[in-house]
Amino acid sequence: MSDAAMTVEEREANLKGIGCSRKRTEDARFIQGKGNYVDDLKLPGMLFGDFVRSPYGHARIKSIDASAALALPGVKAVLTAADLKPLNLHYMPTLAGDVQAVLAEDKVLFQNQEVAFVIAEDRYIAADAAELVEVDYEALPVLVDPFRSMDPDAPVLREDLAGKTEGAHGARRHHNHIFTWDVGDKEATDQAFAQAEVTIKELITYPRVHPAPMETCACVASMDKIRGELTVYGTFQAPHVVRTVASLLSTIPEHKIHVIAPDIGGGFGNKVGVYPGYVCSIVASIVLGVPVKWVEDRMENLSATAFARDYHMTAELAATRDGRITAIRAHVLADHGAFDACADPSKWPAGFFNICTGSYDVPTAYVAVDGVYTNKAPGGVAYRCSFRVTEAAYMIERAVDILAKKLAMDPVELRLKNFIQPHQFPYQSALGWEYDSGDYPTAMKKAMEATSYAALRAEQQERRAAFARGETRELMGIGVAFFTEIVGAGPTRNCDILGVGMFDSCEIRIHPTGAAIARLGTKSQGQAHETTYAQILATEIGIPADDIMIEEGNTDTAPYGLGTYGSRSTPVAGAAAARVGRKIRDKARKIAAHLLEVGEDDLEFEVDRFKVKGLPERQKNMKEIAWAAYNNVPEGLELGLEAVDYYDPPNMTYPFGAYICVVDIDADTGVTKVRRFYALDDCGTRINPMVIEGQVHGGLTEAFAIAMGQEIRYDEGGNVMGASFMDYFVPTAVETPVWETDHTVTPSPHHPIGAKGVGESPNVGGVPAFSNAVNDAFAHLDITHIQMPHDHWRTWKVCEKLGLVG
Amino acid sequence: MAKTQITLALNGRQVEALVEPRTLLIHFLREQMLLTGAHIGCETSHCGACTVDMDGKSVKSCTVFAVQAEGAQIATVEGLAAPDGTLHALQEGFAEMHGLQCGFCTPGMLMRAQRLLQENPDPSEAEIRMGISGNLCRCTGYQNIVKAIRYAADKMNAAQKEAAE
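Calculation rules
- Sequence order sets the numbering: in each chain, residues are counted from 1 along the sequence as written.
- Each chain is given a letter, starting from A, and each ligand a number, starting from 1, according to the order in which they appear as written.
- Per-residue local features are limited, in this predicted model, to residues with pLDDT of at least 70; the limit for side-chain atom pairs, both in listing and counting, is 80 or more; totals at the level of whole chains, interfaces and linings are taken over all residues.
- Each side-chain value is worked out from all heavy atoms of the structure, with water and hydrogens disregarded.
- For the purposes of this entry, the term helix denotes a DSSP run of H or I that reaches at least four residues, the term strand denotes a run of E that reaches at least two, and both are numbered from the N terminus.
- In this treatment the radius of gyration is a C-alpha quantity, and the globule benchmark scales as 2.2 Å times the residue count to the 0.38 power.
- Between two residues, a contact is recorded if the distance between any of their heavy atoms is within 4.5 Å.
- Residues scored as positive are Lys and Arg, those scored as negative are Asp and Glu, and His as well as the terminal groups of each chain are ignored.
- Note that the charge is assigned to NZ on lysines, CZ on arginines, CG on aspartates and CD on glutamates.
- Classification of ring pairs rests on two measures: the distance between centres of Phe, Tyr or Trp rings, Trp counted by its six-membered ring, which must be within 6.5 Å, and the angle between planes, read as stacked under 30 degrees, edge-to-face over 60 and tilted in between.
- With a 1.4 Å probe rolled over the protein chains alone, any residue whose accessible area is under 20% of its type maximum counts as buried; one over 50% counts as exposed, and the rest are partly exposed.
- Consider the ring centre and the ring normal. A charge sits over the ring if Lys NZ or Arg CZ is within 6 Å of that centre and within 35 degrees of that normal.
- What counts as buried area is the accessible surface, traced by a 1.4 Å probe, that two parts surrender upon association, with contributions from both included.
- By definition, a salt bridge exists where a carboxyl oxygen of Asp or Glu is found within 4 Å of a side-chain nitrogen of Lys or Arg.
- Under this definition, polar contacts are N or O atom pairs within 3.5 Å; protein pairs additionally need one hydrogen-donor-capable and one acceptor-capable atom, and for neighbouring residues in sequence, both atoms have to be side-chain atoms.
- Pairing between two strands requires that DSSP report at least two bridges joining them.
- To obtain an axis, a line is fitted to C-alpha atoms, over the contacting stretch when the element is a helix, and the angle between two such axes runs from 0 to 180 degrees between their N-to-C directions.
- Joining through side-chain atoms within 4.5 Å is the link that ties buried Ala, Val, Leu, Ile, Met, Phe, Trp, Tyr and Cys residues into a set, and such a set is a nonpolar core.
- Patch membership requires over 30% relative accessible area and the absence of a salt bridge. Like charges are linked within 9 Å, and nonpolar side chains (Val, Leu, Ile, Met, Phe, Trp, Tyr) within 5 Å.
- For the accessible areas, the method is Shrake-Rupley and the probe is 1.4 Å, while residue cover comes only from the protein chains on display.
- Whether a crossover is right-handed comes down to one check: with the strands pointing away from the viewer, does the path from the first strand over the helix to the second run clockwise; if it does, it is right-handed.
- Note: domain ranges come from an automatic or database domain assignment.

## Describing the overall build of chain A
For chain A, the count of helices and strands is 19 helices and 35 strands. Here the C-alpha atoms of chain A give a radius of gyration of 28 Å, agreeing with the 28 Å that 2.2 N^0.38 yields for 806 residues. Contacts in chain A between residues far apart in sequence, at least 24 positions, make up 80% of those at least 6 positions apart. The averaged location of the 108 negative side-chain charges in chain A is 1 Å from the averaged location of its 77 positive side-chain charges.

See below:
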């Protein structure tokens with residue numbers, strides 16, 4: 001159809017812009033086996049690295065003998081701390097202001113810690129050689145219980161910090177203490193508790209879990225000694241930051257380091273940090289002058305890179321007898337493992353845990369977090385959530401249910417009574433955040449209607465009576481969660497990574513034919529950026545999304561950005577995309593005015609063109625304008641049609657949602673069936689409903705996994721118990737519930753297109769919904785809180801304890 | 001290490017190669033045949049990212065030795081589309097139904113689904129879920145994968161019906 005014959009609606013549909021369920025442009029390569037992941041790379045002369053790892057949780061290294069390994073044909077080198085120390089690379093800085101051993105020097109501090117790096121001609125020889133490296137250890141007392149970390153007689157873990165009484169976040173009061181971070185008005189909160197009519201207090205534990213993306217962490221480092229240039233391909237959620245860190249560590253100038261993140265097979269926070277494997281591969285390539293590849297196996301992934309959570313939260317609520325929450329007080333013991341390698345903005349050692357006042361209008365609150373060392377793997381990443389937001393949401397949503405039980409109130413009624421009301425936005429929370437927008441009562445009521453909540457409660461009453469009469473062996477639980485997230489880090493005034501502000505960026509070049517390439521500082525790991533960013537640009541500029549190629553991950557070509565995690569891509573880089581589009585449109589208006597020989601104010605924009613007001617037949621579409629941009633622009637205007645935008649967000653965004661989960665628990669086996677799960681998400685303006693729904697499905701499935709089975713447990717000897725897919729729960733299609741999705745739309749007032757981000761909401765809201773459902777099944781009985789994960793065995797143990805087992 | 005010669009049919013093409021006896025089929029496919037569609041996700045046969053078709057059965061190629069493929073018919077995701085480039089109904093279904101996100105499990109998932117539909121051309125939702133339970137996905141929550149497989153089953157059954165008429 002010719003352009004002129006198309007209606008406005010047809011032209012709009014042709015753009016495939018904001019709001020349309022555009023099919024993904026990424027899919028063509030993935031469904032044909034033509035994705036390009038790190039382990040797919042094969043460079044000429046490439047060698048393969050593998051680690052020798054510690055079998056002990058805590059031990060002194062007496063000696064390392066690599067001679068047998070070096071004698072094996074095909075082995076090129078074995079690196080140990082002794083090799084890295086002269087380069088000052090045996091330790092590396094962490095994002096949290098600590099250091100982490102790249103290769104253990106005198107001691108190992110967790111099981112599977114990196115001790116030596118073997119480089120060989122192929123991965124089989126490397127694995128053989130790693131077996132031949134003889135390490136003599138002297139076992140030391142192991143500390144696995146964070147509650148014992150600061151005992152006076154607790155073993156000293158970090159000898160490298162001896163005498164260091166100041167950490168990155170203030171005073172250290174014990175050799176295993178990392179930091180204390182507190183926020184809020186302690187005095188007013190204590191007073192509110194002293195005067196409270198009702199209080200609750202509960203230790204709510206969020207166990208240590210792992211993001212476990214399908215692709216493990218990997219890199220290929222390639223040093224070109226003649227040019228003095230280093231290229232690193234890797235599974236990097238934040239490639240630009242990796243380049244900066246690599247430059248600071250290696251002293252290679254940043255412009256001579258090329259960091260490239262190709263396709264990434266899921267990240268979920270696992271691929272934010274810098275790991276010893278990257279550093280060792282780079283050093284090995286520099287030493288040997290050939291490319292070196294390192295790929296984790298699954299056991300290494302689950303036991304050595306990037307755990308999440310391990311928050312032990314003592315939550316207290318104060319309330320009136322009629323259910324008004326008057327104060328929140330919380331103390332968190334945060335188990336950070338052997339090194340503080342938490343991936344948080346530098347000034348936030350406990351992330352944004354102070355979002356723990358949730359969706360409620362709480363007058364006063366006080367929170368203190370103590371970070372401690374244990375003999376466990378370092379990490380503390382945000383597993384599909386913004387920094388420590390899922391811990392915070394879990395704590396408040398469990399605590400509200402516990403209060404509801406104490407007050408004998410319905411959990412929804414208690415929430416409705418305490419919600420921040422729509423007229424209160426922008427809302428200043430007691431712990432320092434400014435919530436941008438929300439309409440919580442509408443979302444909650446919509447969820448109640450969609451699930452026939454009142455009928456569910458009536459059914460539950462009948463079933464409890466039937467259970468008491470011995471007519472059924474099933475307990476029915478209804479879990480409600482209403483979460484508020486804080487995502488889109490973040491304003492550079494308070495958010496940075498190692499001193500680099502957490503802005504993000506978009507650059508676009510529109511070619512003479514009207515097709516374009518746009519590059520952004522973020523990096524998709526499956527979130528469909530190539531599809532959705534093009535939709536934002538299409539709407540803003542008026543060229544079809546199909547004519548815009550999106551590229552990320554190559555630090556040579558993409559503008560600097562802080563990467564993809566914490567649901568920041570849409571709130572930050574998505575905003576940069578919208579603003580870059582507006583810059584293009586501004587220039588296009590000048591060119592159109594010139595071509596149409598009218599003033600700029602005489603023009604109006606319509607979908608994909610400028611029209612002369614009152615003379616709509618006089619018009620220039622974006623394709624014509626793009627052509628003119630390269631040969632016929634008004635005097636004084638530069639040729640070309642390009643723009644770049646670095647966006648420093650004025651605030652975070654605050655997505656929210658109402659989730660309702662119904663479970664049926666077999667009292668004789670503990671087997672818990674999810675009968676129904678309804679998820680209403682409000683992520684502001686919706687860019688691609690299909691992609692949003694997919695994100696919600698995936699996030700809910702991860703929430704299901706966490707709530708119902710995931711745990712990286714350590715035994716008393718420091719042995720990690722969950723380091724394979726045999727032991728660590730990743731749900732299959734059989735266990736995974738069917739998801740019902742719904743939405744409301746409350747745009748963010750400060751985001752250029754009103755979008756808030758959605759990828760992590762379902763994980764944040766899903767975990768408390770499941771946990772509340774399981775707890776609710778026992779709410780009429782003598783039990784207040786059941787710790788996660790709610791696997792069948794643990795649930796059966798609860799039934800047994802309550803005398804329910806037949 | 002001494003190498004052994006193997007001969008097999010790979011996506012319909014006859015292949016001869018020298019492999020170490022311990023070489024895993026997944027490494028042979030990815031590193032020697034340069035077919036990087038199948039992926040390695042666990043190396044313990046739990047995740048199914050390495051699933052390929054071997055003599056009419058789905059196998060996890062991370063726990064099959066290349067020498068065990070001697071004389072076998074092996075099919076990988078690279079051979080799923082028609083030689084003229086026309087996508088298989090499953091490939092089309094995965095794109096239409098948003099059955100993939102990061103794409104890492106997708107080749108294994110497609111090859112498993114392809115075999116599932118050979119075994120059961122008209123599976124129920126429960127049968128699809130059971131049929132792909134050896135393949136893990138961390139992104140999609142499976143719901144759209146189930147829809148994608150059902151899309152393909154319908155399309156393939158309609159085509160067969162049309163051919164029969």
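## Some thoughts on the packing of aromatic side chains
Residues and elements named next belong to chain A. For the coordinates displayed, the defined rule picks out 35 aromatic pairs over all chains. Considering the side-chain rings of Phe-482 and Phe-656, the 6.1 Å spacing of their centres and the 20° angle between planes classify their relative orientation as stacked. With a gap of 174 residues between them, Phe-482 in strand β23 (residues 474–484) and Phe-656 in strand β33 (residues 656–666) connect regions that are remote in the sequence. Accessibility expressed as a relative area gives 0% for Phe-656, which makes it buried. Of the aromatic side chains, those joined through ring pairs into one cluster are Phe-483, Tyr-659, Phe-677, Phe-704, Phe-729, Trp-739 and Phe-770. A cation over a ring is seen here: Lys-186 above Tyr-366, with NZ or CZ 5.8 Å from the ring centre. Its end group placed over the ring of Phe-605, Arg-585 keeps NZ or CZ at 3.8 Å from the ring centre.

## Examining the interface of chain B and chain A
With 47 residues of chain B at the interface, the matching set in chain A holds 55 residues. Both sides together, the interface formed by chain B and chain A hides about 4200 Å², and carbon and sulfur atoms give 55% of it. Between chain B and chain A we count five salt bridges in total. Across the pair Arg-138 of chain B and Glu-702 of chain A runs a salt bridge whose closest N-O atoms are separated by 4.0 Å. At the junction of chain B and chain A, the tally comes to 22 residue pairs in polar contact (both at pLDDT 80 or more). For the side of chain B that touches chain A, the secondary-structure elements that each account for two or more residues are α1 (25–32), α2 (89–96), α3 (106–119), α4 (125–131) and α5 (143–164) of chain B. Sorting elements by how many residues they give to the side of chain B that touches chain A places α2 of chain B first, with four residues.

## Regarding the pattern of salt bridges
All names here are of chain A. In the structure shown here, the tally under the stated rule is 70 salt bridges over all chains. One salt bridge in this structure joins Asp-98 and Arg-158, with 3.0 Å as the shortest N-O distance. Of the two residues, Asp-98 is situated in the loop between β4 (91–93) and β5 (99–101) and Arg-158 in the loop between β8 (134–139) and β9 (166–167); the sequence distance between them amounts to 60 residues. With relative accessibility at 9%, the residue Asp-98 sits in the buried group. Two residues, Glu-254 and Arg-243, come together in a salt bridge whose shortest N-O distance is 3.3 Å. Here Arg-243 lies in helix α7 (residues 239–250) and Glu-254 lies in the loop between α7 and β15 (257–260), a separation of 11 residues in the sequence. Judged by relative accessible area, Arg-243 falls into the buried class, the value being 13%.

## Details of the sheet that holds strand β30 (residues 609–612) of chain A
Residues and elements named next belong to chain A. Judged by pairing direction, the sheet is antiparallel, and its three strands sit side by side in the order β29-β30-β31 without closing on themselves. Each having just a single partner strand, β29 (603–606) and β31 (615–621) make up the two edges of the open sheet. Averaged over all pairs of adjacent strands, the angle between their axes in this sheet comes to 35°, without regard to strand direction. For β29 and β30, the ladder comprises four bridges, and the chain directions are antiparallel. Of the residues in β30, the one forming a bridge with Phe-605 is Phe-610.

## Side note on the nonpolar core
All names here are of chain A. With 222 residues, the main nonpolar core has Phe-353 and Phe-778 as its most contacted residues. For this core, the leading source of residues is helix α10 (residues 389–407), giving 12 residues. Setting aside anything within four residues of it in sequence, one finds Phe-353 in contact with Tyr-311, Met-313, Val-332, Val-367, Val-369, Phe-387, Arg-388, Glu-391, Ala-392 and Met-395. The next biggest cluster of nonpolar side chains, apart from the first, holds 46 residues, and it includes Cys-506, Ile-510, Ile-536 and Ile-550.

## So, a negative patch on the surface
All names here are of chain A. Taken together, the side chains of Asp-586, Glu-600, Asp-601 and Asp-602 present a region of like negative charge at the surface. Mapped onto the fold, Asp-601 is located in the loop between α15 (569–596) and β29. Looking at Asp-601, the relative accessible area reads 67%, which means it is exposed.

## Topic: the pairing of strand β28 (residues 548–552) of chain A
Residue and element names in this part refer to chain A. The two faces of β28 differ: Ile-548, Ile-550 and Glu-552 on one face are buried, but Met-549 and Glu-551 on the other face are not. As defined by bridge partners, strand β27 (residues 516–520) adjoins β28 across five bridges and the pair is classed as parallel. Bridge assignment links Ala-518 to a residue of β28, and that residue is Ile-550. Between the parallel pair β27 and β28, the chain is carried across by helix α14 (residues 529–541), and the sense of this crossover is right-handed.

## Observations concerning the domain arrangement of chain A
All names here are of chain A. Under the domain assignment, chain A is made up of domain 1 (3–35 + 504–647), domain 2 (38–141 + 216–264 + 272–304) and domain 3 (307–489 + 652–801). Taken together, the contacts link 29 residues of domain 1 with 25 residues of domain 3. For the pair domain 1 and domain 3, the summed buried area comes to about 1800 Å², and 63% of that belongs to carbon and sulfur atoms. Among the residues domain 1 hides against domain 3, the three largest losses belong to Gly-566, Ser-567 and Pro-571. Together they make up 27% of the total. Inspection of the region where domain 1 meets domain 3 yields zero salt bridges. Along the contact surface separating domain 1 from domain 3 lie 13 residue pairs in polar contact (both at pLDDT 80 or more).

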